[in-house]
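Chain residues, written in single-letter form:
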Amino acid sequence: MSSPNRRLIIDDTDERIRYDGPGWAEDTSGSQDSFGTYGATYNQTLHSTQYNSSVAFSFQGTSIRVYGTVFLTPPYNLSELIDPSFTPPWECFVNNKSIGALMPSPFHENNWLLCGDDSLPDGSHGLTMNITGMREGTTVWVDYIQYTPSNANVDEGGGVATVVVDSSDPKFTYDGTWQGIHTSGLADDTTAVRRVEMTNTSRAKLSFDFTGTRLTWVGYVPIEFPGNASSASYSIDNGPHTTFTLLGHQPFDGTSLYNQIFFTTPELAPGSHNLSVTYDGNASFTPLTLDYIYLTTTITTSPSGSSGGGPTPTGTPSHSGAIAGGVVGGVAVLALLVVFFIFWRRRGIPKEPATGVQPFEASAVMVEAGKVKMAFGRAVDVSPVIASVIEVNSHVVDDDTQPPRYSSG
């Protein structure tokens, strides 16, 4: 069965990603993993630079996203980062058409969506991310790329790849105790806010049929529910149950924790398997949530990514297509108060690192009563102060030429 909405993930260390310009450094120590509330970096690796540089990647598919770690304060200050006219020091292009940049977090966060386009025409594309105009001391970290491949069957055959399987995938079977919740607390499915599956019913079950050799379960810890530690267990192909712990959230911390690794299976024999998960807690304990699974599997079509496929890069494009937006239903002064409140709550308190990966997802930055949401609806909980929205324009590719990349000449 084909699953066309599953995205492939390409780590920053993949040789198909091309890094141009001076000063690129590879971090394989997981040095940033303990910061923020959006989980650890993917595979504990990052590529970073403090100079005008670029990243290039060619692919065949219908969507592209670039994720990284952000920490711009200092040299930028908080008031600049929440200003809707702020231009991030990066801009992305697909086929010489700007797709702009997503607003950075004002805090130190991993798994941050730097740019993306989910509405590309099916075909061959060239991505370039240009990093220009940074203030001295600014670091940009690139973590991984996700894209939806052209007509790929990620269930059987072909080459090995890691795919993102969202909790809405039809291969998941939930019993009647699971419910969809939204990370912003909204109650309907008509918004762009991300939906996550959750249960807090004792002995609740989930089943997942898959073809692959390993999977990693990624959930989140919602601040709106009890934070007492609980547990659950999983079984592969009706084998012995393996218990895993749900640590919960820190008391009085005030923030949910995203992209949390709950467990990773051992290496499995190639072929078809069944995952069965049972929740051992109840409504007085941390619930069991599922955001997505990382599945090591095979695909029938080549991932197609490479660093070539375009003309020799020359020059550095301007930010003509970068973020456009405005503030709705609020004023900048009150928005600044929100951000300073969060900063006061979180300064100097790194989170415990999670083992493994990942993503936060985004198309807008929203500040509403009680929450700050960045990109595709992930939320940071704050006291109700203001309601405003900073909309980020989306761009559709209509060109087949590779954009210019950074050139030292």
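Now for a description of the structure that goes with this document. Predicted model only: the values in this text are computed from it and were never measured.

## Observations concerning the overall build of the protein
Scanning the protein from N- to C-terminus turns up two helices and 27 strands. Going through the 409 residues of the protein one by one, you find that 56% of them count as buried. Within the protein, contacts between residues at least 6 apart in sequence are counted, and of these 82% link residues at least 24 apart. By element, 53% of the accessible surface of the protein is carried by carbon and sulfur atoms, the whole surface being about 16000 Å².

## Brief notes about the sheet that holds strand S20 (residues 272-279)
Read across the open sheet, the five strands follow the order S12-S15-S20-S17-S18; overall the sheet is antiparallel. Since the sheet does not close on itself, it has two edges, and those belong to strand S12 (172-174) and strand S18 (242-246), each with one partner. Strand-to-strand twist in this sheet, taken as the mean axis angle between neighbours without regard to direction, amounts to 20°. Of the pairings in the sheet, the one linking strand S17 (residues 230-236) to S20 comprises five bridges and is antiparallel in character. When the sheet's bridge partners are listed, Tyr234 is paired in S20 with Val277.

## Considering the nonpolar core
Most often, soluble globular proteins keep nonpolar side chains buried together rather than apart. If you look at the biggest cluster of nonpolar residues, it comprises 66 residues, and the most contacted ones within it are Ile64, Met129, Trp217, Leu275, Leu288 and Ile293. Ile9, Leu113, Val164 and Tyr292 belong to the second-largest nonpolar core, a separate cluster that totals 11 residues.

## Some points on the sheet that holds strand S13 (residues 179-182)
The three strands are arranged S13-S14-S21 in an open sheet whose pairing can be described as antiparallel. Sheet topology places S13 and strand S21 (288-290) at the edges, where each strand pairs with a single neighbour. Ignoring which end each strand starts from, the neighbouring axes of this sheet average 40° apart. Two strands pair when backbone bridges link them, and S13 and strand S14 (residues 195-199) are joined in this way by four bridges, in the antiparallel orientation. Paired with Gly180 across the strands is Glu197, a residue of S14.

## Section: the side chain of Ser150
Assignment of secondary structure puts Ser150 in the loop between strand S10 (140-149) and strand S11 (159-166). There is a polar contact of 3.1 Å between the side chain of Ser150 and the backbone nitrogen of Gly61.

## Brief notes about the packing of aromatic side chains
Taken as a whole, this structure holds 20 aromatic pairs when the rule is applied. For the pair Phe172 and Phe208, a centre-to-centre distance of 4.4 Å together with 20° between the ring planes defines the contact as stacked. Separated by 36 residues along the polypeptide, Phe172 in strand S12 and Phe208 in strand S15 (residues 205-211) bring together distant segments of the chain. Across the pair, Phe208 and Phe172 agree in class, each one buried. Among the aromatic residues, ring-to-ring pairing joins Tyr42, Tyr67, Tyr144, Tyr292 and Tyr294 into one connected group.

## Overview of the state of the cysteines
Counted under the stated rule, the structure contains one disulfide. Here Cys92 pairs with Cys115 through a disulfide, and the sulfurs are 2.0 Å apart. Linking Cys92 and Cys115, the disulfide has an S-S dihedral of approximately -70° and is accordingly described as left-handed. Note that Cys92 is positioned in strand S6 (residues 90-94) and Cys115 in strand S8 (residues 109-117), a separation of 23 residues in sequence.

What counts, and at which threshold
Residues numbered from 1 in each chain as written. Predicted model: local features only at pLDDT ≥ 70, side-chain atom pairs only at ≥ 80, totals over all residues. Heavy atoms only, no water. Helix = DSSP H or I, 4+ residues; strand = E, 2+ residues; numbered from the N terminus. Buried < 20%, exposed > 50% of the residue type's maximum accessible area, 1.4 Å probe, protein only. Contact = heavy atoms within 4.5 Å. Areas by Shrake-Rupley, 256 points an atom, 1.4 Å probe, with all protein chains shown as cover. Pairing = 2+ DSSP bridges. Axes fitted to C-alpha atoms, helices over the stretch in contact; angles between N-to-C directions. Core = buried A, V, L, I, M, F, W, Y, C linked by side-chain atoms within 4.5 Å. Polar contact = N/O pair within 3.5 Å; in protein donor to acceptor, adjacent residues only side chain to side chain. Phe/Tyr/Trp six-rings, centres within 6.5 Å; stacked < 30°, edge-to-face > 60°. Disulfide = S-S within 2.5 Å.

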